[in-house]
Amino acid sequence: MPEFQIQIERLTDEPDRFEFAASGHWWVEREGTTQDKPCVVEAPFLFDMVASRCRDEVLIEGDIKGRVGLECSRCARRYPHVLHDTYRLVLTPAKDHESTDPEGERGLAQNGVCLGEDLEAGLYRGPVIRLDDFLGEAIALAMPIQPLCDEACLGICPHCGVDRNGVGRNGTDVREKGQGPAAACDCEDERIESPFAVLASLKPELGSEEGE
Ligand SMILES: [Zn+2]
Ligand SMILES: [Zn+2]
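Residues numbered from 1 in each chain as written. Chains lettered and ligands numbered in written order. Predicted model: local features only at pLDDT ≥ 70, side-chain atom pairs only at ≥ 80, totals over all residues. Heavy atoms only, no water.

Here's the deal with the sheet that holds strand S7 (residues 121-124)
Hydrogen bonds along the backbone pair up the strands of a sheet, which may run parallel or antiparallel.
Argument step 1. Read across the sheet, six strands follow the order S2-S3-S4-S5-S7-S6 without closing on themselves; strand pairing throughout is mixed. With partners counted over all chains shown, the strands left at the sheet margins are strand S2 (16-22) and strand S6 (113-115), one partner each. Across this sheet, the average inter-strand angle for adjacent strands is 25°, counted without regard to direction.
Argument step 2. Relative to S7, S6 runs antiparallel, the two sharing three bridges. The residue bridging leucine 115 from the neighbouring strand is glycine 122, located in S7.
Argument step 3. Across the sheet, helix H2 (residues 102-111) touches S6 and S7, and the angle it forms with S6 is around 145°. (Pairing = 2+ DSSP bridges. Helix = DSSP H or I, 4+ residues; strand = E, 2+ residues; numbered from the N terminus. Axes fitted to C-alpha atoms, helices over the stretch in contact; angles between N-to-C directions. Contact = heavy atoms within 4.5 Å.)

Structure follows, in structure tokens:
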């Protein structure tokens, strides 16, 4: 298990740059048992970080990059999702008699840090802070709540269960580039939902009136 750690004493008011990488294995070990929808890590997570210290206050800023395979919340297809998020954490020293909850105390004892709920502020104690938990939570926050293979994903037809994106039987995407998706099924309310389809259904009647 990698340990992403920073020595407080080495930090100055001149920002120091740190780069950490975390394998998919590290993430799966952390989250594997709690995630109901498994996420496949396709590339190591990269953390680019800048840390500085002004008197007792430690500022950590940076970004996360990663690529994971997620299940689309509309069509249930697996797709590669690019993760990119930024974080900014301000740490102040934990005073000896300051009361933190048991989890906070555990964090201070194990990692030298206790994080606030929003991951933007926290306390530290001791000469070294370990950021595994922080980086793990930052990845979890960067994960989409409703993963979408495409903003325009049409999802699955609630009536016949067909993938409305027009995915072929062999699982390949048969949508043609630059064109809208072909109708995947003829279920009734699809036509009613589309104003153009309603117009199209009126046209023959208009045509027959003109012909008279
Ligand atoms: Zn989708
Ligand atoms: Zn249908």
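Observations regarding the nonpolar core
Argument step 1. With 39 residues, the main nonpolar core has Phe47, Ile60 and Leu135 as its most contacted residues.
Argument step 2. Every element with two or more residues in this core is listed here: S2, helix H1 (24-31), strand S3 (40-54), strand S4 (57-71), strand S5 (78-93) and helix H3 (132-142).
Argument step 3. Once residues lying within four places of it in the same chain are set aside, the contact partners of isoleucine 60 are Ile6, Met49, Val50, Ala51, Tyr87, Arg88, Leu89, Leu91, Ile129 and Leu131. (Core = buried A, V, L, I, M, F, W, Y, C linked by side-chain atoms within 4.5 Å. Buried < 20%, exposed > 50% of the residue type's maximum accessible area, 1.4 Å probe, protein only.)

Side note on the pairing of S7
Argument step 1. The pairing of S5 with S7 spans four bridges and is parallel. Bridging from a neighbouring strand, proline 93 pairs with tyrosine 124 of S7.
Argument step 2. Between S6 and S7, which follow one another and run antiparallel, lie five residues, and leucine 119 among them has a positive phi close to 60°.

Notes on the coordination of the zinc ion (ligand 1)
Argument step 1. Ligation of the zinc ion (ligand 1) by protein atoms is provided by Cys72 (SG), Cys75 (SG), Cys149 (SG) and Cys153 (SG), these donors lying 2.3 Å from the ion.
Argument step 2. Seen from the zinc ion (ligand 1), its four donor atoms lie at angles of 105 to 112°, and the figure they make is tetrahedral.
Argument step 3. Binding-site remark: the zinc ion (ligand 1) is held by donors from one chain whose sequence spacing is C-x2-C-x73-C-x3-C. Here the residue cysteine 72 occupies a position in the loop between S4 and S5, and cysteine 149 occupies one in the loop between H3 and helix H4 (188-193), the gap between them amounting to 77 residues. (Donors = N, O, S within 2.8 Å, 3.2 Å for Na, K, Ca; no water. Tetrahedral: all angles 85-135°; square planar, octahedral: opposite > 155°, others 65-115°.)

Focus on the coordination of the zinc ion (ligand 2)
Argument step 1. Coordination of the zinc ion (ligand 2) by the protein is provided by Cys157 (SG), Cys160 (SG), Cys185 (SG) and Cys187 (SG), with metal-donor distances spanning 2.2 to 2.3 Å.
Argument step 2. Coordination at the zinc ion (ligand 2) is tetrahedral: its four donor atoms span angles of 104 to 114° at the metal.
Argument step 3. Read from N- to C-terminus, the donor residues coordinating the zinc ion (ligand 2) fall into the pattern C-x2-C-x24-C-x1-C. Taken together, the positions of cysteine 157 in the loop between H3 and H4 and cysteine 185 in the loop between H3 and H4 put the pair 28 residues apart, joining distant regions of the chain.

Overview of H1
Argument step 1. Buried within H1 we find Gly24, Trp26, Trp27 and Glu31. The buried residues of H1 occupy one face: seen down the axis, they fall within an arc of 160°. Turned more than 90 degrees from where H1 packs its buried face, His25 and Glu29 sit exposed.
Argument step 2. Check the buried side of H1 and you find it contacts S2, S3 and H3. (Arc of directions from axis to C-beta.)

Section: the packing of H1 against H3
Argument step 1. Interaxial distance between H1 and H3 falls to 11 Å at its minimum, and their mutual angle equals 85°. The angle between H1 and H3 places the two elements in the roughly perpendicular class. Across the interface between the two elements, Trp26, Trp27 and Arg30 from H1 touch Asp132, Asp133, Leu135, Gly136, Glu137, Ile139 and Ala140 from H3.
Argument step 2. Across the contact of H1 with H3, the residue classes tally to five nonpolar, one polar and four charged. (Parallel < 35°, antiparallel > 145°, perpendicular 65-115°, else oblique. Nonpolar A, V, L, I, M, F, W, Y, C, P; charged D, E, K, R; others polar.)

Quick word on the packing of aromatic side chains
Argument step 1. Scanning the model with the defined rule gives seven aromatic pairs in all.
Argument step 2. Ring plane angle 55° and centroid distance 6.0 Å describe the contact between phenylalanine 4 and phenylalanine 47, whose orientation is recorded as tilted. In this pair, phenylalanine 4 sits in the segment before strand S1 (5-7) while phenylalanine 47 sits in strand S3, placing the two residues 43 residues apart along the sequence. The pair formed by phenylalanine 4 and phenylalanine 47 is uniform in burial state, with each residue classed as buried.
Argument step 3. Counting every residue linked through ring pairs, the aromatic cluster contains Phe4, Phe18, Phe20, Trp26 and Phe47. (Phe/Tyr/Trp six-rings, centres within 6.5 Å; stacked < 30°, edge-to-face > 60°.)

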